[in-house]
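The lines below spell out each chain.
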Amino acid sequence: MTMRLKRLRIEQLRQFRQPFEITGFEPGINLFTGPNEAGKSSIVRAIRAAFFERHRSTMVEDLRPWGDSAASPTVELEFQVGETPYHLSKTFLQRKRCELRAGTARLEGAEAEDHLAALLGFQFALKGASKAEYWGIPGLLWIEQGSAQEVHDAVRHATGHLRTALQASLGEVAGSGGDDVLERVRGERELLLTPTGKPRGDYAEAIERRTRLAEALTALDLQIETYRQQVDTLSRLREEQVRDEAERPWETYQAERQKAQLALDAAAQLEQQLAQDRERLRQNELRAELLRQRLLHFEQQQAQLAAREQQLAAAAQALALARERELLQRRQGEAAAQRFDAAREAWRLARQEDSRAAAQREHAEAGQRAAATHEALTQAEAAQTRLQALRQQALASRIEATDLETLRRQQGRLHELQVRQEAAATRLRYELEPGQGLQIDGESVQGQGERLLLAPAELWLPGVGRLHIAPGGSDLGELARQQAETADAHRALLQRLGLESLTDAERRRQAHQEQLSAIELAEAALKAHAPRGLDVLRTEHAAQAVRAAEAKQALERLPPPPDTPAPPLARAEDELEQVRKALDRCRSDAGLALQALAAASAAHEAASSERDLLKASLQDASRRQELQQTEKDLTDTRAECGALGTSIEVRSAQLAAARPDILRQDIERLGRSAEQADKQFRERRDEIIRLESALQVAGGQGLEEQRAEVARQVAQLERRHAELQRRALALDHLLERLTAGRGALTRRLQAPLQKHLDRYLHLLFPQASVQIDEQLTPGPLTRPGQRGPETGEFASLSYGAREQMGVISRLAY
């Protein structure tokens, strides 16, 4: 059956204040052209208002011409549906009226509008302006500018009318006896699986508990592996500690350092002897030079007497300087000795404080062990208290599984009886004119509405009479009786259990299960904190407290700490060694200064003697004899200088071979090595004590027993999970098969529409196909591609392709 518009007349509508008429519509496409504001959109709005708006609606103010408050927008349409001619006239706002002539019949007002809606397949809004969801078939076929691609909502609004036009409905398919089985299977499946196939309920709980216990098992395996690794590490550390205790490598380094120190001391002594020889050589060279000068100046003794006096004065000045230097070096040596005494005292205090630190570490470790046992004891007592409280709560919230299952069956039975009553009841719909009313079983009703009659009812029409309506189902009384009995039994069971509804029972059951799980966790926590029992843990805590007290007493027996903090032992030893070296250097410098003083004194005495001798020689008759003696002394002095030069060369070679700079580096390196070896020995000893304590604590936790218990629970949950998984898969497979059967019936409904839609689709996309869902809406599109068939959603097409699809879809509908 087709519909064709033949004539249009509008008056007092927007810019058409005067009557405007269009006639001669041809079958097919009719085009309206004109500039902007010519009235094209107003003509479209007038046609839509004539069909979809109530003539009494107050939501059509947009039809009124601008500035004309007395206007009465009027639309007249002549159209033909099948072989029947129709004439529709509708006036809005001021003189509201509606008239419809269908052939020889004439209808007015709401009756005309309702007849037109039933004829064309749309609805009117209950109140307010007309909306797209009420437009039905005309709304599906109505395309406005820019909305051709928006086909899905239009199809959804017209689905009911489409089903009627195809002489079937999904409601009839869903109402078959097989659909009851489908809903029951779906309900059973929903207890175990979500709509997307994810576990839920007991199935999800089993998976979660299995995962949680598997993680606990993995954690226990990791703890056991860590325990074993710590045992191996402890064994290795003990072997290294025993080896170091036997070999004592730091003592070897110290011995080598002492040996290097002795070699350095020998080199220092050799250097001192070399300095003495050089000083003697210098003195002898000076004496030889004096002797040479004496010989040279024997002939000029009288002339050089004044020079001798000057030399004597210079020798006296050098002697004074040598005495000042010797005094300074002696004072520096005394200061160095005082610093050495202070460094030795600091070293003694450092050794004392190092012993104190070791005792404090022992006391701290003992305190930590005591605190750890106290913390474990506190947590174990708290876990025991919580376990007792949880057991009392679980006992109070317990509900029998049989009672819960009975409540579920009763609830399901009540729902089933209600559905059956509604299916067998009579539906009474009414739409009354404004101001009109009627009575149903003595109750007055007006306007629009619907009643579901489960029992015989009396309908009174004012001015007409009474209607007696009896529901057609013969088993309504039996259904009501069964519903009452089931409801009474359901209420009685709820009262016995002290519950308000099945939901409360489910919550109590869930709370009980959670409390049982909490009890298991509390028991595990108690066992973890006190694996051998609270009494053993209390005894262990008392023993640790005694050890801590003993360590404290040992610490108190040490001498009081100094007023100023003592330096670290290693630094004190280094400082003592440095001060000792500085003292040795000061003593060496003092010796050199003393030698220089002796030389200066000798030089002064020599100068004085030479002057006196010069004077005496000038006055002594034995001058020749003295000259001879001088020559002899010069020869002896030169011989002694040669011997001293040879000695200096030998000792210089020996000093170069000794390499004191390398010896100093060896002393420093060996000292650091000894300190590092001793530090490593002490740290390894502390690590052994820590590992022994950790292994003692871990060994008391019973990790192997805990793992065996958790493994047993995991195996039990694996069996439970497999059982629920099989049931879930079976229900999912059964639901899939039932849905497939239901889909076959749906495809029979879709076949006529699919045929037309494919025919128009091939004009746009050759060899393509589109799927239609249960709501008769176009779904995914499949078309040939470069790599074979391609499937995509309607929304992923280009804007132009979606517009074309929207047009051809409406042609198919």
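Keep in mind it's a predicted model, so treat the numbers as computed, not measured. (Residues numbered from 1 in each chain as written. Predicted model: local features only at pLDDT ≥ 70, side-chain atom pairs only at ≥ 80, totals over all residues. Heavy atoms only, no water.)

1. Concerning the layout of surface pockets
Here the second largest pocket is characterised by a volume of approximately 2,000 Å³. In terms of lining residues, the second largest pocket is bounded by 42 residues, among which Gly187, Glu188, Leu191, Glu405 and Arg408 are the most central. Those elements that provide at least two residues to the lining of the second largest pocket are helix 6 (177–190), helix 7 (201–247), helix 10 (401–424), helix 12 (502–529) and helix 17 (703–764). Per-element accounting of the lining of the second largest pocket gives the leading share, 13 residues, to helix 10. Residues that form the lining of the second largest pocket fall into these classes: eleven nonpolar, ten polar and 21 charged. (1 Å grid on protein atoms, 1.4 Å probe; cavity = no way out; pocket = protein on both sides within 12 Å on 5 of 7 lines; lining within 4 Å. Points joined across faces, edges and corners; volume = space filled by probe spheres on them. Helix = DSSP H or I, 4+ residues; strand = E, 2+ residues; numbered from the N terminus. Nonpolar A, V, L, I, M, F, W, Y, C, P; charged D, E, K, R; others polar.)

2. Let's talk about the confidence of the model for the protein
Parts of the model with low pLDDT should not have their predicted coordinates read in detail. For the protein, the mean per-residue pLDDT works out to 78, and 86% of the residues sit at or above 70. Low confidence marks residues 167–176, where pLDDT is under 50. Its contacts with residues over four positions away, or in another chain, come to twelve contacts. (pLDDT = per-residue confidence, 0-100. Contact = heavy atoms within 4.5 Å.)

3. Digging into the nonpolar core
Ranked by size, the top nonpolar core spans 34 residues in total, and within it Leu8, Phe51, Val75, Leu77, Phe79, Leu88 and Leu116 carry the most contacts. Secondary structure elements with two or more residues in this core: strand 1 (3–11), helix 1 (40–52), strand 3 (74–81), strand 4 (84–91), strand 5 (97–102) and helix 2 (109–120). Looking at which element gives the most residues to this core, the answer is helix 1, with seven residues. If we skip the residues at most four places from it in the chain, Leu77 touches Leu5, Arg7, Leu8, Ile47, Ala50, Phe51, Tyr86, His87 and Leu88. By size, the runner-up hydrophobic cluster in this structure holds 14 residues, among which are Ala380, Ala522, Leu534 and Leu537. (Core = buried A, V, L, I, M, F, W, Y, C linked by side-chain atoms within 4.5 Å. Buried < 20%, exposed > 50% of the residue type's maximum accessible area, 1.4 Å probe, protein only.)

4. Section: a negative patch on the surface
A contiguous patch of negative charge on the surface is contributed by Asp354, Glu573, Asp574 and Glu675. Mapping Glu573 onto the fold places it in helix 14 (residues 569–619). Of the residues examined, Glu573 reaches a relative accessible area of 40% and is grouped as partly exposed. (Patch = residues over 30% accessible without salt bridge, like charges linked within 9 Å, V, L, I, M, F, W, Y side chains within 5 Å. Areas by Shrake-Rupley, 256 points an atom, 1.4 Å probe, with all protein chains shown as cover. Salt bridge = Lys/Arg side-chain N within 4 Å of Asp/Glu carboxyl O. Lys, Arg positive; Asp, Glu negative; His and termini not counted. Charge placed at Lys NZ, Arg CZ, Asp CG, Glu CD.)

5. A short note on the sheet that holds strand 12 (residues 465–469)
The four strands are arranged 9-8-11-12 in an open sheet whose pairing can be described as antiparallel. Each edge of the open sheet is held by one strand with a lone partner, namely strand 9 (443–446) and strand 12. Across this sheet, the average inter-strand angle for adjacent strands is 25°, counted without regard to direction. As paired strands, strand 8 (residues 437–440) and strand 11 (residues 457–461) are joined by two bridges and run antiparallel to one another. Along strand 11, the bridge assignment pairs Gln439 with Trp460. (Pairing = 2+ DSSP bridges. Axes fitted to C-alpha atoms, helices over the stretch in contact; angles between N-to-C directions.)

6. Here's the deal with the packing of aromatic side chains
All told, the structure shown has five aromatic pairs when counted by the stated rule. Here the aromatic cluster, defined as three or more aromatic residues joined through ring pairs, consists of Phe51, Phe79 and Tyr86. (Phe/Tyr/Trp six-rings, centres within 6.5 Å; stacked < 30°, edge-to-face > 60°.)

7. Notes on the environment of Gln388
With respect to the helices and strands, Gln388 occurs in helix 9 (residues 301–396). By relative accessible area, which is 46% here, Gln388 ends up partly exposed. Counting along the chain gives 131 residues from Gln388 to Ile519, while the straight-line C-alpha distance between them is 8.7 Å.

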